[in-house]
Amino acid sequence: MQSAKPKAVHLKDYTPVTYLIDAVSLEFRLDPETARVSSRLSFRSNPERLARNEPLVLDGEKLTLVSIALDGRPLGPQDYRVDAGSLTVHQVPQAPFTLDVVTECNPRANTELTGLYVSNGVYCTQCEAQGFRRITYFHDRPDVMARFTVRIEATRQQCPVLLSNGNPGETGEAGHGRHFAQWNDPFPKPAYLFALVAGDLASVHDTFKTMSGRDVALGIYVETGKEDRCQWAMESLKASMLWDERAYGREYDLDCFNIVAVSDFNMGAMENKGLNIFNDKYILALPETANDADYVNIEAIIAHEYFHNWTGNRITCRDWFQLCLKEGLTVFRDQEFTSDMRSRPVKRIADVKTLRARQFPEDGGPLAHPVRPTSYIEINNFYTPTVYEKGAELCRMMQTLIGPAAFRKAMDLYFNRHDGEAATIEDFVTCMADASGRDMSSFFRWYEQAGTPQVIAEGRYDARRKTFDLTLEQRTLPTPGQSEKLPLPIPQALGLVGPDGEDMPLDLEGVGLLNAPLIELTEQKQTFRFRNVVARPVLSLNRGFSAPIHLIVNASPEDQIFLMRHDRDSFNRWEAGQTRGRELILAEVRGTSQSSTIAAYAQALASILADPSLDDAFKALMLGLPQEAEIAAAIGGNVDTDVVRSARDRVRAELGLALAGPLDRIWHATVEPGPYRPDPPSTARRELRYAALQLLLLGNPAKGVGAALEELSHPQSMTAEIGALGALVQTEAPERETALETFYQRHGGDHLLVDKWFGLHARAAGSGAAARVEKLMSHPAFNLATPNRVYALVGGLTSGNPAGFNAADGEGYRLVADTIIRLDATNPQVAARLATGFRSWRMFDAVRRQAAELHLRRILALSNPSPDVFEIVSRIVQS
């Protein structure tokens, strides 16, 4: 068992550093097995904390100290102390002083992929959140911002490309086949935004003219031979730069902007100032190698990292508890970008689907935490859907409450007031209050309280008085460490839909006609009376998902179908379909299903499919039923995941049979008309095509399998291959194994496509999922040291195959626990992310709970688990 529990860090204990760093000069000498880093740090006392002969304590891990000097004077062993996590200089001057430190590290031995490491022969860095301490001794915290000057030296043959943050400086020869490059960043930044890349890379280049007329040099660096896959990424970067100027008035501030794509990366991408480092799956794209989802993700993630230049870099976080200040806000900004570039209603639905699939389960389980946490053991564990996706929803709610114009004014105020600072959530919300004149004190509870609020709505129509009373009641269930919850301000966009399908005027008692169809629930329970309602309305509430809540409305099946057909709000039209679909599946689980109810649902879907005014992507979304995890959550306890999967598949099969005619017409009408194009209309057409194929295959397996195989025999793009294979793997048709093997034979030389192949296997329907995954872990192409491969195969089982992972024999739990134990010694971040797959174990039946607990405790029994894994697993077990 672990001998000492890792120590937690608490928000309440925050104190500024005693000594600030104004300037950093770094020299890197890169050699095959050793990187020598020489740093000169310029210190001064922090006026917020008067130094009283306090020692200087710097963070540092897994470093070899070569030398140290204070104001040019070498220090002896009696002058300092080095331990596993820090360097302490016992006495330093009270006046400004410099510290020169020379350290060495071994990037090739760095399997955790934090700090300085090597990926396919390329030196690269990942310093967020606390990786810089593995490069040199420093105040490795976001509130210490300094100007960096960097000199990189390496052999020209091994590393012809030498990149860092900021603007390029002097370059030249260093003798003995070596060369150097200098980089100067004029903007103060925290250490987590430092970046270095050195290696043999190819590149593509372009320019962007800013709104003030400056030319910015753009570069994307990739492995040699992959230059032709960078065009979409470059177009996405330029679109992001233009959008941020138009939407927020934010102009890029350096002379160049570079992106480097690497294949070994724990995260998706990193926003290092002027030098973004990306997981190459979010850069490389050709129609033959990337599907529509890849193109959309590349566009969105490039935008996200670029937008960080202002929301994260120019204004950063005071401490890691404020992480949502940069991540939640920047997710909101990238969502708005994609909404403007593509379909706003479709994007909103997609974002809510992601929130419900990833964040709602977190909010309702043992890993629940506020958007601004109050403590952590390992900060890497708090790069969570709550911080990112729920954090974005809070920004959206503030925009909803104060209005778009006031929100833009608040953002301008935020940029002007805090540029160059390490800010807090309070700073951000204060800007919203100051710009709008609205008291935001109660809104701050959204940042402090964990859990997803439930809002129970009850409508009552009085035909004689022509009034409609809407009673809303909110409650948030207890979460770990928070048993008591205060009422939240919950904006509710709404409509009262009349018998003709049109919205009625909203005449709110005490207010009059509403210019904006919005009310706000601020107490635990409130009633809103609408006057002059001439006929019984159908309530359409939480339009556009105006608040991240569980909405409980006792709508009849007839009202749900009515809203599916008529609601003018696209989100609520989809939501009505999801609610009706969920109820159909739950009835199938309980054995109370009726064919007439499924027929009515199918008829409503048929009318939507036949409507030429609707976006194809919206139609595709309407065809998708709630996922298995959502059905399990609705059941609430003693869930048998096999029953859930079977019930969902039976409903989908019945719909496929009932919609055979429309689905067949879609299949023939959506044939690719020409060369692949990633534009929104073409993407939407293909989304509808493969959504139709999935239902077609379940409703008529012989015909659907034939259609899928025909598509695979001459695929016109990777989207076609993945679309057809994705439909095949949801069945146990024998043809799927041949199709999967053909895919590998065709694309086995491309690591990104091999990841897709592993992911398809992991999600394949049928018994023995864990055995399939375990066998593939012995495949020559599988590498436990490559995060993308682990996420595709083992992560594909935990997140994409609930019935397989939660199989009653416990084999899914055993396999994933084995993998976590193996990974914890080499890459704790990846191991901890896999461990979150166990978060819902208590909702399952007794057999599954017993098996899950057995393997969770086996992980905790490790002699020395990493803080990353210990924190996640112990919270899950203790729930």
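In this report, we go over the structure that sits alongside the text.

How each quantity is defined
Residues numbered from 1 in each chain as written. Predicted model: local features only at pLDDT ≥ 70, side-chain atom pairs only at ≥ 80, totals over all residues. Heavy atoms only, no water. Core = buried A, V, L, I, M, F, W, Y, C linked by side-chain atoms within 4.5 Å. Buried < 20%, exposed > 50% of the residue type's maximum accessible area, 1.4 Å probe, protein only. Helix = DSSP H or I, 4+ residues; strand = E, 2+ residues; numbered from the N terminus. Contact = heavy atoms within 4.5 Å. Salt bridge = Lys/Arg side-chain N within 4 Å of Asp/Glu carboxyl O. Expected span 1.5 Å × (residues − 1). Axes fitted to C-alpha atoms, helices over the stretch in contact; angles between N-to-C directions. Parallel < 35°, antiparallel > 145°, perpendicular 65-115°, else oblique. Left-handed = near helix turned anticlockwise from the far one by under 90°. Nonpolar A, V, L, I, M, F, W, Y, C, P; charged D, E, K, R; others polar.

### Considering the nonpolar core
The biggest cluster of nonpolar side chains holds 171 residues, and the ones touching the most others in it are Tyr447 and Phe530. The element best represented in this core is helix α5 (residues 385-402), accounting for nine residues. If we ignore the near neighbours within four places in the chain, the residues touching Phe530 are Lys466, Thr467, Phe468, Leu470, Leu494, Leu496, Leu506, Asp507, Leu508, Leu514 and Ile519. In this structure, Phe562, Leu697, Ala707 and Phe838 belong to the second largest nonpolar core, which totals 120 residues.

### Some remarks on the pattern of salt bridges
All chains considered together, the criterion is met by 76 salt bridges. Notably, a salt bridge pairs Asp253 with Lys273, separated by 2.7 Å at the nearest N-O pair. With Asp253 in the loop between α1 (231-248) and β19 (256-262) and Lys273 in the loop between β20 (269-270) and β21 (275-279), this pair connects stretches of sequence that are 20 residues apart. Between Asp319 and Arg318 there is a salt bridge whose closest N-O contact spans 2.6 Å. A relative accessible area of 22% means that Arg318 is categorised as partly exposed. Beyond isolated ion pairs, a larger network of salt bridges with shared partners links Arg29, Asp31, Arg151, Glu153 and Arg178.

### Re helix α6 (residues 404-418)
Given a rise of 1.5 Å per residue, 15 residues ought to cover 21 Å, and the 21 Å separating the end C-alpha atoms of α6 matches this to within 8%. The set of residues buried in α6 consists of Ala406, Phe407, Ala410, Met411, Tyr414, Phe415 and His418. Note on α6: the residue one or two positions beyond its end, Gly420, has a positive phi of about 80 degrees.

### Quick look at the environment of Arg689
Along the chain, Arg689 falls in helix α16 (residues 680-699). A sequence separation of 31 residues divides Arg689 from Ala720, and the C-alpha atoms of the two residues are 9.4 Å apart. Not counting the four nearest positions on each side in its chain, Arg689 is found in contact with Ile666, Trp667, Thr670, Val671 and Glu711.

### A short note on the packing of helix α10 (residues 570-590) against helix α14 (residues 641-658)
Put simply, α10 and α14 touch, their axes get as near as 9 Å, and they point 120 degrees apart. In this view, α10 runs oblique relative to α14, as classed from their interaxial angle. Where α10 crosses over α14, the handedness of that crossing is right-handed. Facing Leu584, Ile585, Glu588 and Val589 of α10, the residues of α14 in contact are Val643, Val644, Ala647, Arg648, Arg650, Val651 and Glu654. Across the contact of α10 with α14, the residue classes break down as seven nonpolar, no polar and four charged.

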